[in-house]
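Per-entry structural report
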Amino acid sequence: MNEPLPAAPMPDTIANDLALAIHEHRLMPGTKLSEEELGEIYGVSRTIIRAALQRLAHDRLVELKRNRGAYVAQPTVREAREVFEARALLEPRTARSAAERITEDDLAALQRHIDEEHAAIDDGEAGRALFLSGQFHLEIARIADQATITEFITQLVARSSLIIALYWHRRGALCESHAHHALMRAFAERDADLAEELMKNHLLDLLSSLDLRNRTSAPASLREALGA
């Protein structure tokens, strides 16, 4: 009996795969996302690819340009400043709430994120380390149990990945280990005031690590970026 063929990936699966490639800087800002080429890579119709790209455009990871197609988004200098200023307003209060609510299981989950981030850095996978760093921030928002704010932070963290890819200036743009370790100590001590202050300083430091001058990045091969 012939084995059944594996099901073709659906739009959400493809969108998640492309989003991860963007967050890990395998697909850089400005990369053209050809519907035809993506359809060949994933073995699906252009209709399914188009639906995946529409979802990424809704998340502002992709720009759909009339008569030109889809491209990985390239945030402007103004957008970059606005994103980090918004994070500096939202995330310190979220860190305060997390410190007030955090459990031992939550602390263990945050530590796993840090350990995985360090492993990625040691392996020379800066893009993956950056993705894991963003997940650390999202985990803090989850612990704070503020669903509406978490939605905003999720979008801002996603945009931050594009911004760092485009305006990378120094290694500090990768969340430095001491900043996350200091936050962990504040959470372990349930020190809400300190957690709030540390998060604010951390985000301001991230902003200062970026070279906010107009620039573009070199597009990558889709097949190479997606391991196809």
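All of the points below concern the structure found in this document. (Residues numbered from 1 in each chain as written. Predicted model: local features only at pLDDT ≥ 70, side-chain atom pairs only at ≥ 80, totals over all residues. Heavy atoms only, no water.)

**Quick notes on the overall build of the chain**
Cut-off, in case you're wondering: Only DSSP runs of H or I reaching four residues or more are called helices, and only runs of E reaching two or more are called strands; each is numbered from the N terminus. Any residue under 20% of the maximum accessible area for its type is buried, any over 50% is exposed, and the rest in between are partly exposed; the area is computed with a 1.4 Å probe on protein chains only. Every residue pair with non-hydrogen atoms within 4.5 Å of one another is taken to be in contact. Surface accessibility follows the Shrake-Rupley procedure with a 1.4 Å probe radius. Residue values consider only the protein chains on display as shielding.
Of the regular secondary structure elements, the chain holds ten helices and three strands. The secondary structure elements of the chain, listed N-terminal to C-terminal, are α-β-α-α-β-β-α-α-α-α-α-α-α. Here the chain, with 228 residues, has 50% of them falling under the buried criterion. Taking the intrachain contacts of the chain between residues at least 6 apart in sequence as the baseline, contacts between residues at least 24 apart amount to 78%. A total accessible area of about 11,900 Å² is found for the chain, and carbon and sulfur atoms account for 49% of it.

**Some words on the pairing of strand β3 (residues 69-72)**
Applied cut-off: For two strands to count as paired, DSSP must find a minimum of two bridges between them.
Of the pairings in the sheet, the one linking strand β1 (residues 32-33) to β3 comprises two bridges and is antiparallel in character. Bridged to Leu33 within β3 is Ala70. In terms of strand pairing, strand β2 (residues 62-65) meets β3 through four bridges, oriented antiparallel. Opposite Leu64, over in β3, you have Ala70 as the bridge partner.

**Focus: unusual backbone geometry**
A positive phi angle, close to 65°, is found at Asn67, a residue other than glycine. Tracing the backbone shows Asn67 in the loop between β2 and β3. Look at Arg190: it is not a glycine, yet its phi comes out positive at around 55°. Note that Arg190 resides in the loop between α8 (177-188) and α9 (192-208).

**A short note on the pattern of salt bridges**
Our working definition: Salt bridge, as used here, is a side-chain nitrogen of Lys or Arg placed within 4 Å of a carboxyl oxygen of Asp or Glu.
Tallied over the entire structure, the rule returns 18 salt bridges. The partner of Glu24 in a salt bridge is Arg26, with the nearest N and O atoms 3.2 Å apart. Note on Arg26: relative accessible area 30%, which makes it partly exposed. Across the pair Asp106 and Arg142 runs a salt bridge, and its minimum N-O distance is 3.1 Å. Taken together, the positions of Asp106 in helix α5 (residues 104-122) and Arg142 in helix α6 (residues 126-144) put the pair 36 residues apart, joining distant regions of the chain. Taken together, the shared-partner salt bridges in this structure form one network comprising Arg93, Arg96, Glu100, Asp193 and Glu196.

**Section: helix α3 (residues 46-58)**
The cut-off we apply is this: Residue count minus one, scaled by 1.5 Å, sets the expected span of a helix. Comment: arc refers to directions from the helix axis out to C-beta atoms.
For α3, which comprises 13 residues, the first-to-last C-alpha distance of 18 Å matches the rise-based estimate of 18 Å (1.5 Å per residue) to within 8%. Within the span of α3, buried status applies to Ile48, Ile49, Ala52, Leu53 and Leu56. Projected down its long axis, α3 shows its buried positions confined to an angular sector of 135°, all on one face. Summarising the geometry of α3, the exposed residues directed more than 90 degrees from the buried face are Thr47 and His58. In this structure, the buried side of α3 is in contact with α1 (11-23), β1, α2 (35-42), β2 and β3. After α3 finishes, the residue Arg60 shows a positive phi value of roughly 65°.

**Digging into the sheet that holds β2**
One open sheet holds the three strands; their spatial order is β1-β3-β2, and the pairing between them is antiparallel. Only two strands of the sheet have a single neighbouring strand rather than two, namely β1 and β2.

**Remarks on the packing of aromatic side chains**
Stated formally: Between rings of Phe, Tyr and Trp, where Trp is taken as its six-membered ring, a pair exists when centres lie within 6.5 Å; planes separated by under 30 degrees are stacked, by over 60 edge-to-face, and by other angles tilted. Geometrically, a lysine NZ or arginine CZ counts as sitting over a ring once it is within 6 Å of the ring centre and also within 35 degrees of the ring normal.
Per the counting criterion, the structure on display carries zero aromatic pairs. Residue placement shows Lys65 over the ring face of Tyr71; its charged tip is 4.7 Å from the ring centre.

**What about the side chain of Arg87?**
Worth spelling out the cut-off: The term polar contact refers here to a pair of N or O atoms within 3.5 Å; inside protein, the definition further demands a hydrogen-donor-capable atom paired with an acceptor-capable atom, and it admits residues adjacent in sequence only when both atoms are side-chain atoms.
Mapped onto the fold, Arg87 is located in helix α4 (residues 77-101). Looking at Arg87, its side chain comes within polar contact range of the side chain of Glu91, at 2.5 Å. Once you skip the residues sitting within four places of it in the chain, Arg87 turns out to touch Pro92, His137, Leu156, Val157, Ser160 and Leu203.

**Observations regarding the nonpolar core**
The condition that has to hold: In this description, a nonpolar core means a group of buried Ala, Val, Leu, Ile, Met, Phe, Trp, Tyr and Cys residues linked to one another through side-chain atoms lying within 4.5 Å.
In this structure, Phe84, Leu110, Tyr167 and Phe187 are the most contacted members of the largest nonpolar core, which totals 33 residues. Of all the secondary-structure elements, those providing two or more residues to this core are α4, α5, α6, α7 (147-167), α8 and α9. When residues in this core are grouped by element, the largest group, seven residues, is from α4. Setting aside chain neighbours within four positions, we find Phe187 in contact with Ala95, Ala98, Ala99, Ile102, Leu107, Leu110, Ile140 and Ala195. In this structure, Ala19, Ile22, Ile41 and Tyr42 belong to the second largest nonpolar core, which totals 27 residues.

Take it as geometry only, folks, not as evidence of what the structure does.
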